[in-house]
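Structure at a glance
Residues per chain are reported as follows:
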Amino acid sequence: MAGRAQIRTNNSALIAMIADEDTVTGFLLAGVGNVDLRRKTNYLIVDSKTTVKTIEDAFKEFTTKEDVAIVLISQYVANMIRFLVDSYNKPVPAILEIPSKDHPYDPTHDSVLSRVRYLFSSESVASGRR
C-alpha cells in the first residue's frame, strides 16, 4: 500500500536500546544485542557520566538506521531528550518507553500513551460521544 512504512523482510530487524546498565544487560542476555561490521552496537548504556548530547546522537542514529524496527528507551532517559522523542512521528522504528529498576514507569510522561489519549479524545469529540 502506498504511504505505509515498510519493514524490510529480507533481513531480520533489530531492537535498539537506550537505557541503564541493568536494563540493557537483561535485554542483551535475552539476545537483543548486535554489533555490525563497523563495530557499532545497537544499544547505549546510560549512566551518570553520559551526556545528553550522546543520548541525542544515539537516538538519532537508531531512528535513522534501516535495520532497526523498535527503539526501547528507559522513560527517565527519554525525559532527558523529551523534545526529540515527542517530535519523532514515524511508525518505523517504533519508540517504546520502558521503566527501569530505579525509575518507575510514569504514564503521564509516555509519548505513545499521550498520543493514544489525544487520538481517542479527538475521535470522541468529533463523533459527539464524549
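The protein chain carries the name V-type proton ATPase subunit F in an unreviewed UniProt entry, which gives Elaeis guineensis var. tenera as its organism. Taken directly from UniProt, the Function (unreviewed entry) text for the protein chain runs: "Subunit of the V1 complex of vacuolar(H+)-ATPase (V-ATPase), a multisubunit enzyme composed of a peripheral complex (V1) that hydrolyzes ATP and a membrane integral complex (V0) that translocates protons. V-ATPase is responsible for acidifying and maintaining the pH of intracellular compartments."

Here we take up the pairing of strand β3 (residues 68-74). Across the seven residues that make up β3, a large majority, six, are buried. Pairing of strand β1 (residues 14-19) with β3, which is carried by five bridges, proceeds in the parallel orientation. Each residue of the ladder has a partner; that of I18, found in β3, is I73. Where β3 lies against strand β4 (residues 94-98), five bridges are found, and the strand directions are parallel. Bridging from a neighbouring strand, I70 pairs with A94 of β4.

Glancing now at helix α1 (residues 21-29). Capping the start of α1 is the job of one residue whose side-chain oxygen sits 3.3 Å from the backbone nitrogen of D22: D20. At the C-terminal side of α1, G31 shows a positive phi close to 100°.

What follows covers the pattern of salt bridges. In the structure shown here, the tally under the stated rule is six salt bridges. Measuring nitrogen to oxygen at the nearest pair gives 3.6 Å for the salt bridge that ties R82 to D86. Separated by four residues within a single helix, R82 and D86 lie in helix α4 (residues 82-87), roughly one turn from each other. A relative accessible area of 41% means that D86 is categorised as partly exposed.

Under the criterion given, the structure shown has one aromatic pair. For the pair F59 and Y88, a centre-to-centre distance of 6.1 Å together with 80° between the ring planes defines the contact as edge-to-face. Of the two residues, F59 sits in helix α2 (residues 52-64) while Y88 sits in the loop between α4 and β4, which places them 29 residues apart along the sequence. Across the pair, Y88 and F59 agree in class, each one buried.

The rules behind the values
Residues numbered from 1 in each chain as written. Predicted model: local features only at pLDDT ≥ 70, side-chain atom pairs only at ≥ 80, totals over all residues. Heavy atoms only, no water. UniProt positions renumbered as here; feature names shortened; annotations may be inferred. Buried < 20%, exposed > 50% of the residue type's maximum accessible area, 1.4 Å probe, protein only. Helix = DSSP H or I, 4+ residues; strand = E, 2+ residues; numbered from the N terminus. Pairing = 2+ DSSP bridges. Polar contact = N/O pair within 3.5 Å; in protein donor to acceptor, adjacent residues only side chain to side chain. Salt bridge = Lys/Arg side-chain N within 4 Å of Asp/Glu carboxyl O. Phe/Tyr/Trp six-rings, centres within 6.5 Å; stacked < 30°, edge-to-face > 60°.

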